[in-house]
Amino acid sequence: MSDYLINPNVLNDDVAQDTIRGGFGRGLKVAGEANDNVVALCADLTESVQVHIFREAFPDRFIQTGIAEQNLVAVASGLALAGKIPFAASYAAFNPGRNWEQIKTTVAINDQPVKIVGGHAGIGVGPDGATHQMLEDIAIMRVLPNMVVVVPGDAIEAEKATRAIAENGKPSYIRLARVKTPIISTDQSPFEIGKAYILREGSDVSLMGTGVMTYQLLVAAKILAEQGINAEVVHVPTIKPLDNDTIVASAKRTGRVVTAEEAQITGGFGGAVAELLSEKLPTPLIRIGIQDRFGESGEPAELFDHFGLTGVHIAKKVADFINTSAQYHREY
Amino acid sequence: MVGDKLTLSQLQHKANDLRQDVIRMLEAAGSGHTAGALGMADILAALYFNILNIDPKNPDWSERDIFFLSNGHTVPIQYAAMAEAGFFDKSELMTLRKLGSRLQGHPERTMLPGLETTSGPLGSGLSQAAGAAYAFQYLDNQKHRFVYTIMGDGELDEGNVWEAAMFAGKYKLSQLIAFVDRNNIQIDGNTEDVMPLENLRGKWESFGWYVMDIDGNNIESIIDAVNTAKAITNRPCMIIAHTVPGKGVDFIEYDYKWHGVPPNADQAKSAIEKLQANDDQITSGEF
């Protein structure tokens, strides 16, 4: 079913951790080595979003725009008009939070291969609080025609995803987390834009995660297994285009679906899966994520616990869901 | 420049022809922006038939100058100029704003070869022009290519414009030549009532730009200003082109109520008559 190579150590306490933004930064340098047309722009957050790795390698291909995200992305569009592949980076709260219309008009309608890099996304940004915890970016980017939306699950995948969007010729958004998170994949694991991957096969419920939440689903699946519940775990690093076939097939196998994201469930990844399944294969479904409220200050681990996004919390919700929902459309 | 070098009077006739095309297009469309398009006819005629280094038969020519409107709502005058230059057949002009047309109500790059960007939402064109100019100056060493854009004066209310002004000033983007169509009107009234822009020259100068104020309905002044701008090699250039909104049609001139409405059949007929009469007034010959 899947030849995805999961990190064999992923469920151990000493699992390696790294930052997704760091993986992006390394991937951007590799993309720059592969193609002279790759350029990078940043709005005064160059080290925070790890663009300094590219800047040090290619100082002549780095452009500092200052704290001006509207100009950041529109300048990037002009660079694309001149044949460049620009990566426009800032915090997701401002990019695409501040400059969405410029992204729509000058990148998406224009169909220019500008890469929007949204750093410090989700509640994992921690103590900075609600204003800096971007939770709506998946929703506002996946609604745009022409836009590719990628949410890597770990640092290794972030590096691969960055190289992939550098080469896809399309407007693209990549969402990055700030803090170190467990490595779920290996260097040999596949990454292809538009593909979802089965990380764990199961028969009772499909746990579908994007970004850092896939790790939490693996933890939840282990807890559920101890209770006799056999959960399938599907990793969905590309939200647009969504891998409809893999998602529908998994839903058909298990008859129950749980989605998980470090973002608003409204219009986000859970929304995308709900739209798909309600048209193709109506299936009992619950969405784990931020439940139509804003974030708040706290340490990242505290916030994941507070908002119910840890494997322990998710396992309990899934068990309750299974006990109250029949399995639809199950293939026997 | 497209085709053979035109004389000044030939350029003036071109501008007057483009104005008549705009009147016919807007009447047929039944919606659109009249005053700015008429006011900018002399700038568009100067650009397409004297200034721009472009090839209508090869719109993606790798050596071309870049030009696009930031104030995309005035695009009928650009479509008229493009058709006259040979980018597409003039018969297509009457499809403006119609279902299935490549001539969208606001310009869309992917719809029509020769359009360099998509615009309409105001304020982001100068940033895009700056991005292209940055590439030519710093990344690709293409010193012979220039990037032109036109903004409306009401557009300058947008904060994004001033982000771009700072950016272009910082990087001394000398291949960037921008126009402001200074016609003093926007939808809700006169610019100085809606949101004052003056001291406009001082604003741009303070951001590090070389600024020229010109009569934007005088084609010789437009060409002179661009030649000066090309000779300024250490700063971006802003040409504040003072134009008469509705230029050439007396009942449209200076009236902000004509910003966003098209002429009806009677008004269009009258406007065409006035523009044809203006054509007979053009007497100047050479530069």
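Remember, it's a predicted structure, so these values are computed and weren't measured experimentally. (Residues numbered from 1 in each chain as written. Chains lettered and ligands numbered in written order. Predicted model: local features only at pLDDT ≥ 70, side-chain atom pairs only at ≥ 80, totals over all residues. Heavy atoms only, no water.)

What chain A contains, in helices and strands, is eleven helices and 14 strands. In terms of overall dimensions, chain A has C-alpha extents of about 60 × 40 × 40 Å along its principal axes. Long-range contacts, defined here as pairs at least 24 residues apart, represent 79% of the contacts in chain A between residues at least 6 apart. A total of about 11,800 Å² of accessible surface is found on chain A, and carbon and sulfur atoms cover 48% of it. Placing the 29 positive and 39 negative side-chain charges of chain A at their respective mean positions leaves the two points 3 Å apart. (Helix = DSSP H or I, 4+ residues; strand = E, 2+ residues; numbered from the N terminus. Contact = heavy atoms within 4.5 Å. Areas by Shrake-Rupley, 256 points an atom, 1.4 Å probe, with all protein chains shown as cover. Lys, Arg positive; Asp, Glu negative; His and termini not counted. Charge placed at Lys NZ, Arg CZ, Asp CG, Glu CD.)

With 27 residues of chain A at the interface, the matching set in chain B holds 26 residues. Together chain A and chain B conceal approximately 2,100 Å² of surface at their shared face, both sides included; 57% is due to carbon and sulfur atoms. Sorting the residues of chain A by area buried against chain B places Asn-71, Leu-81 and Asn-110 of chain A first, and these three jointly supply 25% of that buried surface. At the boundary of chain A and chain B, one finds one salt bridge. Two residues, Lys-84 of chain A and Asp-140 of chain B, come together in a salt bridge whose shortest N-O distance is 2.7 Å. Inspection of the region where chain A meets chain B yields ten residue pairs in polar contact (both at pLDDT 80 or more). Of all the secondary-structure elements, those providing two or more residues to the side of chain A that touches chain B are β3 (62-64), α3 (69-81) and α4 (100-109) of chain A. Among the elements that take part in the side of chain A that touches chain B, α3 of chain A stands out by supplying nine residues, more than any other. When grouped by side-chain class, the residues that make up the side of chain A that touches chain B number ten nonpolar, eleven polar and six charged. (Buried area = accessible area lost by both parts, 1.4 Å probe. Salt bridge = Lys/Arg side-chain N within 4 Å of Asp/Glu carboxyl O. Polar contact = N/O pair within 3.5 Å; in protein donor to acceptor, adjacent residues only side chain to side chain. Nonpolar A, V, L, I, M, F, W, Y, C, P; charged D, E, K, R; others polar.)

Turning to the pairing of strand β13 (residues 257-264) of chain A, a few remarks are in order. Residues and elements named next belong to chain A. For β13, the tally of buried residues reaches eight of eight residues, placing the bulk of the element in the interior. Sheet topology places strand β10 (residues 205-209) next to β13; four bridges connect them, and they run parallel. For Met-208, the partnering residue across the bridge sits in β13 and is Thr-259. Note that β13 and strand β14 (residues 285-290) share five bridges and pair parallel. Note on β14: the bridge partner recorded for Ala-260 is Ile-288. Crossover connection from β13 via helix α9 (residues 269-280) to parallel β14: handedness right-handed. (Buried < 20%, exposed > 50% of the residue type's maximum accessible area, 1.4 Å probe, protein only. Pairing = 2+ DSSP bridges. Right-handed = clockwise from strand over helix to strand, strands pointing away.)

Moving on, we come to the sheet that holds strand β6 (residues 210-215) of chain B. Residues and elements named next belong to chain B. Within the open sheet, the five strands sit side by side as β1-β2-β3-β7-β6. Their pairing is parallel. Lying at the two open borders of the sheet, with one neighbouring strand each, are β1 (66-69) and β6. On average, adjacent strands in this sheet sit at an angle of 20 degrees to one another, irrespective of strand direction. Two strands pair when backbone bridges link them, and β1 and strand β2 (residues 147-152) are joined in this way by four bridges, in the parallel orientation. What sits directly across from Phe-67, in β2, is Tyr-148. Across the sheet, helix α3 (residues 41-51) is in contact with β1, β2, β3 (176-182) and β7 (237-242); its angle to β2 comes to roughly 175 degrees. Contacts from helix α5 (residues 125-139) reach β1, β2 and β3 within the one sheet, and its direction differs from that of β2 by about 170 degrees. (Axes fitted to C-alpha atoms, helices over the stretch in contact; angles between N-to-C directions.)

Quick look at the environment of Thr-149 of chain B now. All names here are of chain B. Mapped onto the elements, Thr-149 comes out in strand β2. Residues Thr-149 and Asp-279 lie 130 residues apart in sequence; the distance between their C-alpha atoms is 28 Å. Excluding residues within four positions of it along the chain, Thr-149 makes contact with Phe-67, Phe-68, Leu-69, Ser-70, Gly-125, Leu-126, Ala-129, Ile-177, Ala-178 and Phe-179.

Residues and elements named next belong to chain A. Taken as a whole, chain A is organised into domain 1 (17-182) and domain 2 (197-324). When each unit is reduced to the centre of its C-alpha atoms, the spacing between domain 1 and domain 2 is 25 Å. With 33 residues of domain 1 at the interface, the matching set in domain 2 holds 34 residues. Taken over both partners, the interface formed by domain 1 and domain 2 buries close to 2,300 Å², and the fraction arising from carbon and sulfur atoms is 61%. (Domains from an automatic or database assignment.)

As a packed pair, α3 of chain A and α5 of chain B sit with axes 6 Å apart at the nearest point and diverge in direction by 55 degrees. The orientation of α3 of chain A with respect to α5 of chain B, classified from their angle, is oblique. The interaxial crossing formed by α3 of chain A with α5 of chain B has right-handed handedness. Within the contact between the two elements, α3 of chain A uses Asn-71, Ala-74, Val-75, Ser-77, Gly-78 and Leu-79 of chain A and α5 of chain B uses Ser-127, Gln-128, Gly-131, Ala-132, Tyr-134, Ala-135 and Leu-139 of chain B. By residue class, the composition of the contact of α3 of chain A with α5 of chain B is seven nonpolar, six polar and no charged. (Parallel < 35°, antiparallel > 145°, perpendicular 65-115°, else oblique. Left-handed = near helix turned anticlockwise from the far one by under 90°.)

Turning to α5 of chain B, a few remarks are in order. Residues and elements named next belong to chain B. An ideal rise of 1.5 Å per residue puts 21 Å on 15 residues; α5 measures up with 20 Å between its terminal C-alpha atoms. Buried residues dominate α5, accounting for 13 of its 15 residues. Where α5 ends, the next residue or the one after it, Asn-141, has phi of about 50 degrees, a positive value. (Expected span 1.5 Å × (residues − 1).)

Here the focus is helix α10 (residues 265-281) of chain B. All names here are of chain B. Here α10 is 17 residues long and its end C-alpha atoms lie 25 Å apart, about the 24 Å a rise of 1.5 Å per residue gives. Along α10, the positions that sit buried rather than exposed are Ala-268, Ala-271, Ile-272, Leu-275 and Asp-279. The arc enclosing the buried residues of α10, seen along the axis, measures out at 100 degrees, which places them on a common side. Among the exposed residues of α10, those pointing more than 90 degrees away from its buried face are Asp-266, Lys-269, Asp-280 and Gln-281. Looking at the buried side of α10, the elements it contacts are α1 (8-29). Among the residues of α10, the N-terminal cap falls to Asn-264, whose side-chain oxygen and the backbone nitrogen of Asp-266 are separated by 3.1 Å. (Arc of directions from axis to C-beta.)

Moving on: the side chain of Ser-174 of chain B. Relative to the assigned elements, Ser-174 of chain B resides in the loop between α6 (159-170) and β3. Excluding residues that lie within four positions of it along the chain, Ser-174 of chain B makes contacts with Gln-137, Phe-146, Ala-229, Ile-232, Thr-233, Asn-234, Arg-235 and Pro-236 of chain B.

Further remarks concern the nonpolar core. Trp-204 and Trp-209 of chain B are the most contacted members of the largest nonpolar core, which has 78 residues in total. It is α5 of chain B that contributes the most residues to this core, eight residues altogether. Here this core spans two domains, since at least three of its residues come from each of domain 1 (17-182) and domain 2 (197-324) of chain A. Not counting chain neighbours up to four residues away, the residues in contact with Trp-204 of chain B comprise Leu-126, Met-151, Leu-156, Val-161, Trp-162, Ala-165, Trp-209, Val-211 and Met-238 of chain B. Grouped together as the second largest cluster of nonpolar side chains are 67 residues, Ala-45, Ala-46, Tyr-48 and Ile-51 of chain B included. (Core = buried A, V, L, I, M, F, W, Y, C linked by side-chain atoms within 4.5 Å.)

What follows is about the packing of α1 of chain B against helix α9 (residues 219-231) of chain B. Residues and elements named next belong to chain B. At a closest axis distance of 10 Å, the pairing of α1 and α9 adopts a crossing angle of 110 degrees. One way to sum up the angle between α1 and α9 is to call them roughly perpendicular. Taken together, the residues of α9 that come into contact with α1 (itself represented by Leu-8, Leu-11, Gln-12 and Ala-15) are Ile-219, Glu-220 and Ile-223. Here the contact of α1 with α9 is composed, by residue class, of five nonpolar, one polar and one charged.

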